[in-house]
Amino acid sequence: MTTLTAAAARRAALAATGLTEPRPSGTPNRRHLGKVLDRIRLLQLDSVNVAVRAHYMPLFSRIGPYPARLLDEAAWQHRARSPRLLVEYWAHEASLLPVGDWPLFRWRMRQFEANRGRWPAHAVAPELAEKVRACVAELGPVGAGELERVLELRTDEASRRGGWWERSEVKRACEWLFAIGELTTGTRVGFQRHYDLPERVLPEDLLDQEIPEDEAARTLVRRAAGALGVATEPDLRDYYRLPPALSQAAVAELVEDGLLEQVEVRGWRAPAYKLPEGKIPRRTGARALLCPFDPLIWFRERTERLFDFHYRIEIYTPAHKRVHGYYVFPFLLDDALVARVDLKADRAAGALLVHGAFAEDGADRAHVSRELAAELRTMADWLELGEVVVGTKGDLARPLRASL
């Protein structure tokens, strides 16, 4: 069995996720977007918009300043010359994933239908679900708010017969139909999901694809292995939130078939796995700000094992108990997470605010502050913010301010 050092595992992880690649010299285009998606396979969606929404940031971390419309068009528009590249579904939480991967989640849709998901069928009135789907077929793409209005108008008589529904029930029906694959996201308006029928969004040849659960699991585990570089079975499982037994069986079968290689990483308790063709560069040269939902760090146990970096998002922590801040971005430099910054985009003032800046133990603060300042200026320009304003919190605040 091949034995890797912890440093080699880190370099493999960084190479796999695309953070060691040089950024485009010109304005990134659809080809650059496609290269990133080929590596990481999905972008997690999240509603928090303190600095920038989560699905935009992993692309910036890898290809630098790019037009936001590049991702918007790939995710929520379809043209003959630029077909839709992404579709929404529950992968690693709510995610954008390549359109071609949608059938790989049929098994999950069937689980939701069988009441084994987070939106059990018994929580949705069948009559309401049927009406919601019919309204989407007639009106889509359409938001839940408009569906509520239309359904209320159309059920005045039914309300006297007990057919009146609360607003939350309409949204719940939309989400359940989304979970079982009978609705998808046609577009988004102000980040609000507008539902549509899959047959109006996805290519026809994908709609009837039925991929057995075990085959889908093997494909998804290989996708995860390609995105992670070197990973334990729980790491691979977490990428697409697979059930433990399904993931474990897939890993064992892939190893037996020679499609996954088991390796030992010094200092790791559990066995690790990598694709046989996976690369381990001798050096990395990476520099990136990472949002809390970046694939490199979203599984916190793996982040700590790879980088000796304890990281928790503190959004739901009371303000007086927060250690580093509300929405903290780790800063990657070469092959280490060397700092963290609490960021906010103050669009009214035209400034990227750094509420707090903290260096990791042993980091060269002068060097880190110079590199971090350069990356923050690039991010501010990308967000069309005129300046970077650094507060006083954290041991890196003063040198960072001086570097700006």
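Cut-offs applied
Residues numbered from 1 in each chain as written. Predicted model: local features only at pLDDT ≥ 70, side-chain atom pairs only at ≥ 80, totals over all residues. Heavy atoms only, no water. Phe/Tyr/Trp six-rings, centres within 6.5 Å; stacked < 30°, edge-to-face > 60°. Buried < 20%, exposed > 50% of the residue type's maximum accessible area, 1.4 Å probe, protein only. Lys NZ or Arg CZ within 6 Å of the ring centre and 35° of its normal. Pairing = 2+ DSSP bridges. Helix = DSSP H or I, 4+ residues; strand = E, 2+ residues; numbered from the N terminus. Core = buried A, V, L, I, M, F, W, Y, C linked by side-chain atoms within 4.5 Å. Contact = heavy atoms within 4.5 Å. Polar contact = N/O pair within 3.5 Å; in protein donor to acceptor, adjacent residues only side chain to side chain. Salt bridge = Lys/Arg side-chain N within 4 Å of Asp/Glu carboxyl O.

Caption draft 1: Spotlight on the packing of aromatic side chains. Counted under the stated rule, the structure contains nine aromatic pairs. Pairing Tyr327 with Phe329 gives two aromatic rings, centres 5.6 Å apart and planes at 75 degrees, and the pair type is edge-to-face. Owing to a relative accessible area of 0%, Tyr327 belongs among the buried residues under this scheme. Given a relative accessible area of 0%, Phe329 falls into the buried group. Following the ring pairs from residue to residue traces out a cluster consisting of Tyr89, Phe105, Phe178, Tyr239, Tyr240 and Trp298. Over the face of the ring belonging to Phe60 we find Arg23, whose NZ or CZ atom lies 5.5 Å from the ring centre. Stacked on the ring of Trp268, the Lys or Arg Arg305 has its end atom at 4.9 Å from the ring centre.

Caption draft 2: Here's a closer look at the pairing of strand E6 (residues 184–189). As paired strands, E6 and strand E7 (residues 192–196) are joined by five bridges and run antiparallel to one another. Residue Arg188 lies in a different strand from E7, and its bridge partner there is Arg193. Hairpin connection of E6 to E7: two residues between the antiparallel strands, including Gly190 at a positive phi of 60 degrees.

Caption draft 3: Spatial organisation of the sheet that holds E6. Spatially, three strands are ordered E5-E7-E6 in an open sheet, and the strand pairing comes out antiparallel. Two strands close off the open sheet at either side, each with one partner strand: strand E5 (142–143) and E6. As defined by bridge partners, E5 adjoins E7 across two bridges and the pair is classed as antiparallel. Residue pairing for E7: Val142 is matched across the bridge by Tyr195.

Caption draft 4: Spotlight on the nonpolar core. In terms of nonpolar packing, the biggest core is built from 119 residues, with Val132, Leu236, Phe329 and Met379 touching the most fellow members. In terms of residue count, the dominant contributor to this core is helix H11 (residues 213–228) (eight residues). Excluding residues that lie within four positions of it along the chain, Val132 makes contacts with Leu147, Leu151, Val170, Ala173, Cys174, Leu177 and Leu183. Among the nonpolar cores identified, the runner-up in size contains 24 residues, and Leu19, Val263, Trp268 and Leu337 belong to it.

Caption draft 5: Local environment of the side chain of Arg340. You can see Arg340 is positioned in strand E13 (residues 336–346). Judged by its relative accessible area of 5%, Arg340 is buried. One polar contact links the side chain of Arg340 to the main-chain carbonyl oxygen of His310, over a distance of 3.0 Å. Contact partners of Arg340, with chain neighbours within four places excluded, come to Phe309, His310, Tyr311, His324, Val328, Phe329, Pro330, Gly356, Ala357, Phe358 and Glu360.

Caption draft 6: Seen up close, the pattern of salt bridges. The tally for this structure, following the rule as stated, stands at 29 salt bridges. The closest approach of N and O atoms between Arg188 and Glu88, which form a salt bridge, is 2.8 Å. Separated by 100 residues along the polypeptide, Arg188 in strand E6 and Glu88 in strand E3 (residues 86–91) bring together distant segments of the chain. Notably, a salt bridge pairs Glu93 with Arg241, separated by 2.4 Å at the nearest N-O pair. In this pair, Glu93 is assigned in strand E4 (residues 93–98) and Arg241 in the loop between helix H12 (233–239) and helix H13 (244–256), connecting sequence segments 148 residues apart. With relative accessibility at 24%, the residue Glu93 sits in the partly exposed group.

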